[in-house]
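# Coordinates in review
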Amino acid sequence: MTPMVHLLLLPFLLSITCAKDLEEKKGPFENTVLEVPEGTVVPYAIHQFLVTDAAVHGFRLSGEGSEDIEISKDGWLFLEKALDWSIRNHYIFQVEALGDDDAVVLGPIIVTINVVDINNNAPRFNQTVYTAIVREKNPAGVSFTQVFATDEDDPDSPNARLHYSLVTQIPNSNNILLFQVNPNTGEISTTREGQQLLKAREGIQYSRGEDRTTETLERKFSEYCAPTKVPYNQNPFFTCVQRAEMRRQNLDPLEDPDFTLFLRVQDLGGDSETALSGTSRVNIVVQQNLWNNPGPLKIKENLKGTYPMVIAKVQSNDPHAIYSLLQKEREPKFPFQIRDNGEIVLTEALDREDKDMYILVVLAKDVHDKEVDPPMEIQVLVEDENDNEPVCEHEESVFEVQEDEELGSRIGQLLAHDADEEGTLHSKLTYTIESETPALASKTFSIDDTGLIQSLRLLRRKEQQVYNLVVKVSDSDFSTNCKVLIKVIDVNNEMPVFEKNNYGRYTVAEDTPVGHTVLNISASDADDPASGSSFIQFIISAGNEGGVFAVITDGKGIGSLVIAKPLDFETTETFNLQIDARNPEPLMKGLEYGSESTAIVSVSVTDVDELPKFSQKDLEITVPENTIKGTALLTVEAADPEGKEINYKMEGDEKDWLEIDSATGQIKTKKALDREELEAFDVTVTAFEKENPEKSSEQVVHVRLLDVNDNYPKLTESQAFICMQNPKPIILKAKDGDSDPFSAPFNFTFDNDKKSANWQLKTASETTAQLILKKKPTEEKNVTFNINIKDNAGMGVTHMFHVMLCNCTQLGHCYMAPDTPSKLGMAGTVGIFAGIIGFCLILFVIVIKRINKGNKKRKALGGEEERNMM
């Protein structure tokens with residue numbers, strides 16, 4: 001249909017269009033952006049420009065859309081043919097309002113028509129049939145192949161958002177899906193059931209270096225079957241195996257797959273009933289997976305045999321794989337090796353007490369050092385052998401017991417251990433008393449399976465002071481003897497007695513250091529000096545508020561009263577201490593400690609002018625960087641122990657951002673803060689006595705500024721060039737002075753999200769984007785882009801970026817042609833010539849004058865010489 005026919009149909013088209021729709025399509029004569037759905041039936045009225053100027057009698061359209069879009073005399077834009085988004089997604093053209101003789105009255109104005117994509121393209125797989133190979137025990141969810149589909153609709157719209165699904169699996173006799181497809185990527189993997197149930201067709205296994213020839217097959221057939229006199233080619237069993245092996249080796253997934261998957265791809269994300277779809281199928285062959293982990297391996301320690309000893313074997317899926325063995329723990333001793341055929345050997349006997357487990361890492365690579373199978377970790381467990389005998393904890397164990405203790409009293413615990421594996425019979429110990437010295441008619445002691453020794457009768461010191469026992473400690477195979485010495489000590493019938501019960505008054509300054517000895521105290525005990533009954537402990541039982549004091553003793557009756565914590569006159573001026581002397585052994589029944597075992601001492605603390613003390617140890621300020629001037633941030637608190645007036649000062653603020661109130665310690669902002677200039681810093685606050693500034697203490701305050709979004713992303717470069725011979729993407733890089741979450745990732749777009757037929761802006765990383773030229777340029781020119789860059793919080797501005805399209809040298813630089821000489825007209829040439837002649841005349845006159853002046857001077861000198869001669 002010709003444009004003339006369209007113009008004739010336009011009044012009819014307008015007459016059947018709703019008045020409301022017409023009003024919405026009208027607008028003033030100005031730069032305009034319009035949207036038109038693709039595939040619209042023509043003729044189609046797009047927009048009418050309203051002009052009130054009576055001088056306007058028509059309009060003229062020029063630019064990109066002139067071949068598809070027309071404009072009527074009364075300002076109606078209309079389509080001449082239906083638009084197709086996949087061919088062209090936007091048009092930019094100019095419109096001028098014309099008067100008499102087609103003179104331009106208004107404009108030109110810029111009109112942009114964006115073609116709106118509709119879902120009129122079904123997605124299509126790039127292949128109608130795919131083939132894939134999967135190995136047995138392929139991990140569930142790990143992709144072994146992938147299908148791809150494309151959609152010619154707008155990739156930024158739901159029309160091109162694709163969804164993959166598995167329609168059916170053949171065979172599926174047990175109604176169990178062995179495969180799955182990732183709905184977003186098209187990656188195909190096994191399900192958990194597939195990982196367990198997939199089985200390959202049976203076949204011959206070949207080792208490294210074995211050729212898959214008839215001769216190799218004959219040899220393997222003979223290894224498994226009894227040799228016969230029938231030739232191989234006439235043996236029906238051999239020929240059956242041979243045909244099966246040839247069919248397996250030459251398996252064609254297209255002709256004889258193990259499984260066939262039917263897949264569907266849908267647009268609109270598969271969420272709509274109107275979604276368009278495409279189908280394909282995948283033929284899958286299951287191959288044997290010979291790369292199986294033989295572990296965990298259990299090996300007895302001290303294993304007898306010939307070394308190196310084969311303990312396992314691995315086989316790669318690649319018969320030409322090269323094996324290597326690594327240890328995961330990187331221990332200095334690694335008694336394992338692997339042979340070319342995959343046999344793992346142990347080079348020496350293991351000792352569980354040295355190491356009870358090893359992890360071997362087996363690698364299978366090709367001749368190019370590329371892995372042909374994933375690394376395999378094999379766990380080796382060293383099983384215990386009873387190769388260690390029990391060991392006594394001490395060469396001789398010594399215990400003390402008071403005489404006349406009750407029958408069954410606990411004497412002590414004999415300690416022994418076995419280095420074999422804990423919790424087994426190899427380390428389970430039993431105890432037996434082999435001998436007692438002196439030997440009596442009846443046993444004096446017993447011992448149980450835990451090593452606990454108990455008395456079987458009353459022990460009296462006057463009968464026997466020392467007993468010697470030999471205890472046999474045994475495991476299931478070995479035993480050892482442990483020596484035990486038991487001392488019968490005197491009953492604790494004597495109490496410790498202080499040399500004096502009142503040590504008087506002592507005075508110490510409050511700044512006396514911790515550990516200082518205030519006085520020494522002494523007590524004695526009349527019990528047997530070689531027993532625990534005479535050992536003396538000193539305990540402060542009263543008056544020691546806050547645990548300021550402690551008594552250090554050697555147990556022999558001498559004690560030192562020391563300062564255990566800092567003194568504070570303002571808290572406690574006087575300590576009235578009560579110190580008790582006690583034995584670790586209990587007193588004889590009916591006997592109690594009396595006053596002779598208690599002493600008192602008074603300690604007075606004298607006041608010292610102490611330094612001011614801060615109420616907090618660690619001070620930290622966290623403040624947003626946009627905090628206004630004069631904002632209170634923190635009040636530092638310090639006090640003088642003697643109650644004297646305190647003042648404050650602050651140092652270390654190099655930026656002079658803060659100030660402190662000298663009287664109250666309140667810290668305020670003095671100036672505007674800037675995290676991008678300095679993120680964190682420390683200041684030192686000094687508290688000092690107002691009347692005596694030398695008495696001072698310091699406290700460090702940590703200041704950290706929190707980021708606010710006060711910076712926008714900026715391009716690091718504002719221009720670049722593209723070689724016409726080999727156009728490559730330009731990398732645009734931006735930076736932002738803010739930190740997360742007000743910085744990267746950045747969003748790069750053309751201004752107002754405009755699309756370009758020739759250029760594409762694609763995100764490359766969090767801080768970069770690629771500016772891509774879609775079509776190869778045909779001429780050199782400069783292009784300016786308005787690119788909007790926003791940070792992660794949506795803050796950003798538009799930047800200008802200049803691109804020069806140019807021919808390049810072999811080194812990849814823009815070639816700059818030499819300047820062409822200017823062409824002057826006749827007038828210019830005459831002017832230059834006249835200027836040159838004038839310059840020469842002036843120069844000639846100057847030279848003549850200088851010559852004349854020289855001649856006159858010489859004549860004057862000659863006349864003077866003649867007069868002198870006369």
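Right, let's walk through the structure included here. From a predicted model like this one, the values you see are computed outputs, not experimental measurements.

This brings us to the overall build of the protein chain. For the protein chain, the count of helices and strands is 6 helices and 58 strands. Out of the 870 residues belonging to the protein chain, those deemed buried represent 38%. Sequence-distant contacts, at least 24 apart, represent 66% of the contacts inside the protein chain between residues at least 6 apart. When the accessible surface of the protein chain is summed, it comes to about 50,800 Å², and 51% of that surface belongs to carbon and sulfur atoms.

Pairing within the open sheet is mixed, and its 4 strands lie in the order 2-8-7-4. Each having just a single partner strand, strand 2 (32-37) and strand 4 (58-63) make up the two edges of the open sheet. Across the sheet, the mean angle separating the axes of adjacent strands is 30° when strand polarity is ignored. Of the strand pairs in this sheet, strand 7 (residues 90-98) and strand 8 (residues 104-116) are connected by 8 bridges, and their pairing is antiparallel. When the sheet's bridge partners are listed, Y91 is paired in strand 8 with I113.

This part covers the side chain of D791. With respect to the secondary-structure elements, D791 resides in the loop between strand 57 (781-790) and strand 58 (796-806). Buried within the structure, D791 lacks any salt-bridge partner; its nearest side chain of opposite charge belongs to K790, at an N-O separation of 9.0 Å. Non-local contacts of D791, meaning those with residues more than four positions away in its chain, are made with N709, N711, P713, D736, F742, S743, P745 and F746.

Across the junction of T437 and P438, the peptide omega takes the value 5°, indicating a cis bond. Checked against the element boundaries, P438 lands in the loop between strand 29 (430-437) and strand 30 (445-447). The omega angle of the peptide bond from A744 to P745 is 5°, so this bond is cis rather than trans. If you trace the backbone, P745 turns up in the loop between strand 53 (730-735) and strand 54 (747-750).

A separate point is the environment of A54. In this structure, A54 sits in the loop between strand 3 (44-50) and strand 4. In this structure, the C-alpha to C-alpha distance between A54 and G99, residues 45 residues apart in sequence, is 8.8 Å.

The next thing to look at is the environment of R339. Mapping R339 onto the fold places it in the loop between strand 21 (336-338) and strand 22 (343-346). In the structure, R339 is positioned 26 residues away from K313 in sequence and 9.2 Å away in space, judged by C-alpha atoms. Residues contacting R339, with those up to four places away along its chain left out, are P308, V310, Y323 and V345.

Taken in spatial order, the 4 strands of this open sheet run 18-24-23-20, and their pairing is mixed. Of all strands in the sheet, those with a lone pairing partner are strand 18 (297-300) and strand 20 (322-327), marking the two edges. Within this sheet the neighbouring strands show an average axis-to-axis angle of 30°, counted without direction. One ladder, built from 4 bridges, connects strand 18 with strand 24 (residues 371-383); its direction is parallel. The partner of K298 across the bridge, within strand 24, is L381.

What counts, and at which threshold
Residues numbered from 1 in each chain as written. Predicted model: local features only at pLDDT ≥ 70, side-chain atom pairs only at ≥ 80, totals over all residues. Heavy atoms only, no water. Helix = DSSP H or I, 4+ residues; strand = E, 2+ residues; numbered from the N terminus. Buried < 20%, exposed > 50% of the residue type's maximum accessible area, 1.4 Å probe, protein only. Contact = heavy atoms within 4.5 Å. Areas by Shrake-Rupley, 256 points an atom, 1.4 Å probe, with all protein chains shown as cover. Pairing = 2+ DSSP bridges. Axes fitted to C-alpha atoms, helices over the stretch in contact; angles between N-to-C directions. Lys, Arg positive; Asp, Glu negative; His and termini not counted. Salt bridge = Lys/Arg side-chain N within 4 Å of Asp/Glu carboxyl O.

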